[in-house]
Amino acid sequence: MNTRKFLILFISFSILLFGCSKKTTTVTNEKEEKSMEKTQKQTMVLISTNYGDIKLALYNETPQHRDNFIQIVKNKSLDSTLFHRVIKQFMIQGGDPTSKTARKGQQLGAGDLGYKVPAEINSTLFHKKGALAAARDNNPQKSSSACQFYIVQGKTYTDQELDMISSRTGRQFTTAQREVYKTLGGVPFLDGDYTVFGEVVEGLEVVDKIAEVRTDRNDRPLEDIRMVVKIIEE
């Protein structure tokens, strides 16, 4: 084979090899992107009440709380529980298993499932209006109740009020968080003490309606507000 023919064959083979390599890399990148999309996809949960539906997205940044919530939704631990603690401009709380059969006026909030979820407190996940967070007792580890949760209603705050909260708690708010607390609202003084693990994506008006109901001295609604909870996207 003469030198000219060898060069032509070598160049052709190199182009073919490069083309195959480029195609393989493209396919690999597409697979990685699809895998990443799947990993980042959020689980959606629907809470249905006689006041309307609340659609929630669970955060992937708090995997233990996410997985626990998915588990108790699937095994129907939350179905027929009440929003048993409602405080206007603060939050609506539910998930106490003893509320399923509670008599009128019975004080609620002590029920649990026999275990706790380790704290996953993340400074980027904060108590804005619509935040989904885990209730807890006063344990020093700040571990969460396995079943009781709350959804933030809150109120708006001024820069001066946020400065006072920062001074008292040592919690520093980012510029973006300050803007949310000043416009949308929330409960900034809870940041750093409770695990926020999701947020309302549809139905904030339902949270507002529930927050308006009449309650007794223990903040329990005078009329029972039961929930049915299901996974709608996973």
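These figures come from a predicted structure and were not determined experimentally.

A. Just the environment of Gly 186, in detail. In this structure, Gly 186 sits in the loop between helix H4 (175–183) and strand E9 (196–202). Separated by 95 residues in sequence, Gly 186 and Met 91 place their C-alpha atoms 9.0 Å apart. What Gly 186 contacts, discounting residues up to four positions off in sequence, is His 127, Lys 128, Lys 129, Val 152, Gln 153, Gly 154, Lys 155, Tyr 157 and Tyr 181.

B. Focus on the side chain of Gln 153. With respect to the secondary-structure elements, Gln 153 resides in the loop between strand E8 (149–152) and helix H3 (159–169). At 2.6 Å, the side chain of Gln 153 forms a polar contact with the backbone nitrogen of Gln 89. Non-local contacts of Gln 153, meaning those with residues more than four positions away in its chain, are made with Lys 88, Gln 89, Phe 90, Met 91, Lys 129, Gly 186, Val 207, Asp 208 and Ala 211.

C. Representation of the confidence of the model for the protein chain in the model. Across the protein chain, the average pLDDT comes to 89, with 83% of residues at 70 or higher. Scored below 50 in pLDDT, residues 5–28 shows 2 contacts in the model against residues more than four places distant or in partner chains. Ignoring residues within four places in sequence, the model shows residues 33–38, a span with pLDDT below 50, making 0 contacts including any to other chains.

D. How the structure looks around the pattern of salt bridges. Inspection of the entire model under this criterion finds 17 salt bridges. With a shortest N-O distance of 3.0 Å, Arg 178 and Asp 159 are connected by a salt bridge. Here the residue Arg 178 occupies a position in helix H4, and Asp 159 occupies one in helix H3, the gap between them amounting to 19 residues. The exposure class of Asp 159 is partly exposed, given its relative accessible area of 30%.

E. Broad picture of the packing of aromatic side chains. Using the criterion set out here, one finds 7 aromatic pairs in the structure. Taken together, the ring pairs connect Phe 69, Phe 83, Phe 149 and Phe 197 into an aromatic cluster. One residue, Arg 136, lies across the ring of Tyr 194, its end atom 4.6 Å from the ring centre.

F. View of H4. Those residues of H4 not exposed but buried are Gln 177, Arg 178 and Tyr 181. Each buried residue of H4 lies within a common arc of 100 degrees when the element is viewed along its axis, so the set occupies one face. Facing away from the buried surface of H4 by more than 90 degrees, the exposed residues are Thr 175, Ala 176 and Thr 183. On the buried face of H4, the contacting elements are H3.

About the thresholds
- Residues numbered from 1 in each chain as written.
- Predicted model: local features only at pLDDT ≥ 70, side-chain atom pairs only at ≥ 80, totals over all residues.
- Heavy atoms only, no water.
- Helix = DSSP H or I, 4+ residues; strand = E, 2+ residues; numbered from the N terminus.
- Contact = heavy atoms within 4.5 Å.
- Polar contact = N/O pair within 3.5 Å; in protein donor to acceptor, adjacent residues only side chain to side chain.
- pLDDT = per-residue confidence, 0-100.
- Salt bridge = Lys/Arg side-chain N within 4 Å of Asp/Glu carboxyl O.
- Buried < 20%, exposed > 50% of the residue type's maximum accessible area, 1.4 Å probe, protein only.
- Phe/Tyr/Trp six-rings, centres within 6.5 Å; stacked < 30°, edge-to-face > 60°.
- Lys NZ or Arg CZ within 6 Å of the ring centre and 35° of its normal.
- Arc of directions from axis to C-beta.

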